[in-house]
Structure formats: structure tokens, C-alpha cells
Amino acid sequence: TYINGISYKERDNMKIIHCADVHLDSKMLRHLTKEQAKERKNELLNTFEQMVVYANENKVSAIIIAGDLFDTSMISVTTRNFVKDTITNNPGIEFYYLQGNHDIDNFLINLKEIPANLKLFGREWNTYDVAGSDSITITGAEIDNRNHAGIYDSLTLDEGKYNIVVMHGQIQDKGNDNPDIIGLDKIKNKNVDYLALGHYHSYREDAIDPRGTYCYSGCLEGRGFDECGEHGFVLIDIDEKKHTSTRQLVPIASRTVYSIDVDITGCYTTADAKQRINDTRASLQVDSKSLVKIVLTGEVTLDCECSTDLLEKNFADAYYVFKVVDKTKTKINIEDFTFDETLKGEFARTVLSSKDISEEDKSTIIRYGIQALLGEEI
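Below is a summary of the structure that appears in this document.

Cut-offs applied
- Residues numbered from 1 in each chain as written.
- Predicted model: local features only at pLDDT ≥ 70, side-chain atom pairs only at ≥ 80, totals over all residues.
- Heavy atoms only, no water.
- Axes fitted to C-alpha atoms, helices over the stretch in contact; angles between N-to-C directions.
- Helix = DSSP H or I, 4+ residues; strand = E, 2+ residues; numbered from the N terminus.
- Parallel < 35°, antiparallel > 145°, perpendicular 65-115°, else oblique.
- Left-handed = near helix turned anticlockwise from the far one by under 90°.
- Contact = heavy atoms within 4.5 Å.
- Nonpolar A, V, L, I, M, F, W, Y, C, P; charged D, E, K, R; others polar.
- Pairing = 2+ DSSP bridges.
- Salt bridge = Lys/Arg side-chain N within 4 Å of Asp/Glu carboxyl O.
- Buried < 20%, exposed > 50% of the residue type's maximum accessible area, 1.4 Å probe, protein only.
- Arc of directions from axis to C-beta.

## Section: the packing of helix α7 (residues 343-352) against helix α8 (residues 359-373)
Move 1: Here α7 crosses α8 at 160°, and the two axes come no closer than 10 Å. Comparing the axis directions of α7 and α8 gives the class roughly antiparallel. By crossing handedness, the relation of α7 to α8 is classed as right-handed. For the pair α7 and α8, the contacting residues are L343, K344, F347, A348, V351 and L352 in the first and K362, I365, I366, G369, I370 and L373 in the second.
Move 2: A breakdown of the residues in the contact of α7 with α8 according to their chemical character gives nine nonpolar, one polar and two charged.

Laid out in C-alpha cells, this is it:
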């Protein structure tokens with residue numbers, strides 16, 4: 001038997017890719033122009049294709065997609081053709097696809113003719129023997145309100161095999177009535193060697209029990225500033241004789257998303273803040289293709305003038321996307337307003353004396369209020 005160009009008898013280990021939360025056809029209009037959103041949608045397709053190219057070049061036998069391959073069940077013709085062609089044009093790779101909460105009932109499971117190398121899961125446990133191996137199984141189930149109550153009790157795995165289980169949801173120590181929650185207590189001691197998960201968009205791995213490991217592969221591409229850092233897929237390298245495996249995250253994203261804190265304590269002007277940002281940039285190696293959000297932190301005085309709009313324009317050409325968010329706290333000296341008979345002083349004292357406003361909100365309100373009284377744009 002030959003799998004992806006290599007004889008089973010010649011192979012000591014089997015390589016399997018685990019990915020999830022690709023979210024093809026995501027609109028991605030937040031933080032992006034229409035042109036950039038279109039470009040990023042195509043980059044998502046390209047990254048998915050590059051993962052398959054990697055699989056071919058590295059003798060990977062199977063690709064597990066643990067949910068949310070698509071962002072919605074309404075998929076463009078371009079994306080439908082792209083995904084179908086990618087699967088059918090790579091018959092040496094088996095694709096194991098489990099639907100997530102975003103892509104339920106999409107075209108891929110409703111094809112009139114399912115490609116031979118596409119393996120699907122339903123609301124009961126489906127177990128497949130991986131082609132070319134007599135010791136590795138992949139089992140999965142799509143969990144919802146209809147099957148959640150008893151689905152874990154029906155999970156039966158052969159103790160003598162290396163068992164991969166595919167699920168989509170949020171892992172917790174204990175399960176509950178929410179079908180989106182996967183309880184570790186329901187998975188333990190069931191002969192699971194590797195639990196391939198989707199739903200959480202960053203890479204994460206931890207133990208289930210002495211035998212097994214659960215892993216979130218994270219998404220292939222960070223789409224927003226809540227998906228910062230390195231992204232890619234997990235390469236599982238399985239020793240079929242020992243029934244053990246090693247795992248590694250393989251970065252593949254075409255762009256990286258960063259959220260960087262910059263402390264501007266002591267700054268009084270936009271130029272001061274710009275210098276702090278420049279100092280931080282000099283200490284980091286951030287590619288110009290990246291999406292960057294600068295979060296201004298620290299404590300500033302009321303007379304601090306810092307324009308986030310101007311800062312964004314200053315660095316707009318340095319990165320694919322550049323955003324600035326002001327999360328500074330305003331330092332308020334009550335003594336400065338005790339005897340101030342101006343409108344500013346009256347406003348500040350009124351806010352400071354309020355019992356219905358938190359101390360943190362008071363400083364913010366005073367800062368914006370005084371800026372407004374001075375005629376500045378908020």
C-alpha cells in the first residue's frame with residue numbers, strides 16, 4: 001500500500017495534520033478597507049492551499065479539519081470550487097472534516113458525490129481506520145442539543161490502537177448542559193491518545209489523562225486583533241510501533257497580527273507618544289506585512305495632548321494595517337481644582353463629588369470634559 005508516495009512497509013511514522021477554524025469566506029471588513037478585505041479573503045484560500053502543498057511535500061497522510069472550515073454555510077462559488085478541487089486534486093491525502101458551529105449544513109456535506117478521500121462525521125461517532133495503517137483510527141462526532149446528553153457514553157475506542165478523536169467546542173474540566181462545552185471528565189480514561197479540537201483560535205495543548213492529550217490548533221490566519229501571534233496547523237508525527245506521537249505547531253500565516261502595549265507615562269504631546277512608539281518598534285521585529293495595533297497605556301496628566309488619529313497617520317505606511325487605541329489612565333490631582341473658580345474647576349468638582357461614578361470613570365470623564373471645554377476634538 002502506498003500513501004502519498006511512500007510505502008506503508010517503508011514508513012516508521014505516520015504524519016497527520018490537524019487544523020481548524022479556517023473561516024473561509026470571512027468578510028473581514030473590521031479594521032480593513034474593502035480592497036484589503038478582498039485580498040485577505042484570497043489569502044485565507046491561499047494559506048489553506050499552502051497547507052496542502054506542505055502535506056504533499058512532507059509525506060502527510062491525512063488532514064483533520066476540526067470545524068469551522070467556512071465562516072458561514074452561505075459560501076461563494078469561488079470558495080466552493082476551490083475547496084472541492086483542492087480535495088479531489090489531492091487523492092493521496094485523506095481529508096477528515098467535522099463541521100463547527102459556523103459552517104453547519106454547508107455544501108461540502110451535501111455534495112451529490114462525496115470524493116473518496118473526504119471523510120465526514122455526523123451526530124453519532126464515526127470511526128475511520130487511517131488508510132495505510134492498521135493501528136491508527138480517527139473518530140469524531142458533531143455535538144448539539146439533540147445528542148449532547150448521551151454522546152460521551154457511546155464513545156468506544158480500541159485500547160490497542162492510537163486513537164485520534166475530533167470535536168469542536170470549548171474544553172472545560174467538567175461538562176454541563178451546554179453542548180458547546182466539552183468536559184474533560186467525560187473524555188478521561190476512554191483510550192483517547194489525541195483530541196483534535198476546534199473553536200478556540202489560538203494554539204493550546206494539555207493532558208487529558210496519563211495516556212491522552214488535547215490540542216487546539218488555532219486558526220490558520222489571524223483575522224483580527226483578538227487573534228494575535230503565531231498561527232498555523234499542528235503536525236502530528238505518530239510512531240505506529242510505540243503508539244506515541246510528537247506534535248508541533250507549523251506557522252503558515254501570510255500575515256501576523258500584533259497588539260503591542262506602549263507605556264506613555266510622562267508624555268505631554270503627540271510627538272512624545274510617537275517617540276515612545278518608535279522606541280518600541282525598534283526593539284521588536286515586526287514585518288511590514290503585519291497588522292499592528294498599538295495600545296497606549298500608563299498614566300497621563302490632564303494637559304497631555306495625544307492624538308491617536310495623527311499617530312495612525314504617522315505610521316500608516318509602515319504596516320498593512322496600523323491602529324492606535326488609547327487605554328491610558330488620567331492622573332487627577334484634586335488640589336488643582338479645589339480653588340479653581342473657572343468652568344473647568346466647577347465641572348471637575350461636580351464629577352469628583354459624584355457617588356454614582358467609579359474613580360476610574362471620573363478621571364476619564366474629567367479629561368474628556370476639559371478637552372471639550374477647551375474646544376478640542378474628542
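What follows continues from the structure just given.
## Structural notes on the packing of helix α1 (residues 34-57) against helix α2 (residues 77-88)
Move 1: Contact pair α1 / α2: the axes reach a minimum separation of 11 Å and the direction vectors enclose 0°. It follows that α1 is roughly parallel to α2 by the angle criterion. Where α1 abuts α2, its residues L45, F48, E49 and V52 lie against T79, F82 and T86.
Move 2: Within the contact of α1 with α2, the residues separate by chemical class into four nonpolar, two polar and one charged.

## Overview of the sheet that holds strand β12 (residues 194-198)
Move 1: Here six strands make up an open sheet; going across it, the order is β7-β8-β9-β12-β14-β13 and the pairing mixed. Of all the strands in the sheet, the pair left with one neighbour each is β7 (126-129) and β13 (204-207). Mean inter-strand twist for the sheet, computed between neighbouring axes without regard to direction, equals 20°.
Move 2: Direction of pairing for strand β9 (residues 162-168) relative to β12: parallel, over a ladder of five bridges. Residue pairing for β12: V166 is matched across the bridge by A196.

## Examining the pattern of salt bridges
Any two side chains of opposite charge can pair if their charged atoms end up close together.
Move 1: Across all of its chains, the model carries 13 salt bridges by this definition.
Move 2: Where R40 meets E221, a salt bridge forms, and the shortest distance between an N and an O atom there is 3.2 Å. Here E221 lies in the loop between β14 (213-216) and β15 (232-239) and R40 lies in helix α1, a separation of 181 residues in the sequence. E221 carries the same exposure label as R40, and that label is buried.
Move 3: The salt bridge partner of R123 is D144, with a shortest N-O separation of 2.6 Å. Here the residue R123 occupies a position in the loop between β6 (118-120) and β7, and D144 occupies one in the loop between β8 (136-140) and β9, the gap between them amounting to 21 residues.
Move 4: One salt-bridge network, held together by shared partners, links E39, R40, E43, E221 and R255.

## Some words on the sheet that holds strand β20 (residues 321-326)
Move 1: Spatially, three strands are ordered β17-β18-β20 in an open sheet, and the strand pairing comes out parallel. The open sheet is flanked by β17 (257-263) and β20, the only strands paired with a single partner. Geometrically, the sheet is characterised by an average inter-axis angle of 20° between neighbouring strands, direction not taken into account.
Move 2: Alignment of β17 against strand β18 (residues 291-297), held across seven bridges, turns out to be parallel. Directly across from S259, in β18, lies its bridge partner K293.
Move 3: On top of the sheet, helix α4 (residues 270-283) reaches β17 and β18; it is set at about 125° to β17, its chief contact.

## Digging into α7
Move 1: Turning to α7, its buried residues are G345, A348 and V351. Buried residues of α7, viewed axially, fall in a sector of 130°; they line one side.

## Thoughts on the environment of A116
Move 1: Among the structural elements, A116 can be located in the loop between β5 (94-98) and β6.
Move 2: Separated by 241 residues in sequence, A116 and I357 have C-alpha atoms that sit 64 Å apart.

## Section: the pairing of β9
Each regular strand carries side chains that alternate between the two faces of the sheet.
Move 1: Burial analysis of β9 places seven of its seven residues in the buried class, the great majority of the element.
Move 2: Burial along β9 is two-sided: the residues Y162, I164, V166 and H168 and N163, V165 and M167 are all buried.
Move 3: Where β8 lies against β9, five bridges are found, and the strand directions are parallel. Of the residues in β9, the one forming a bridge with T137 is N163.

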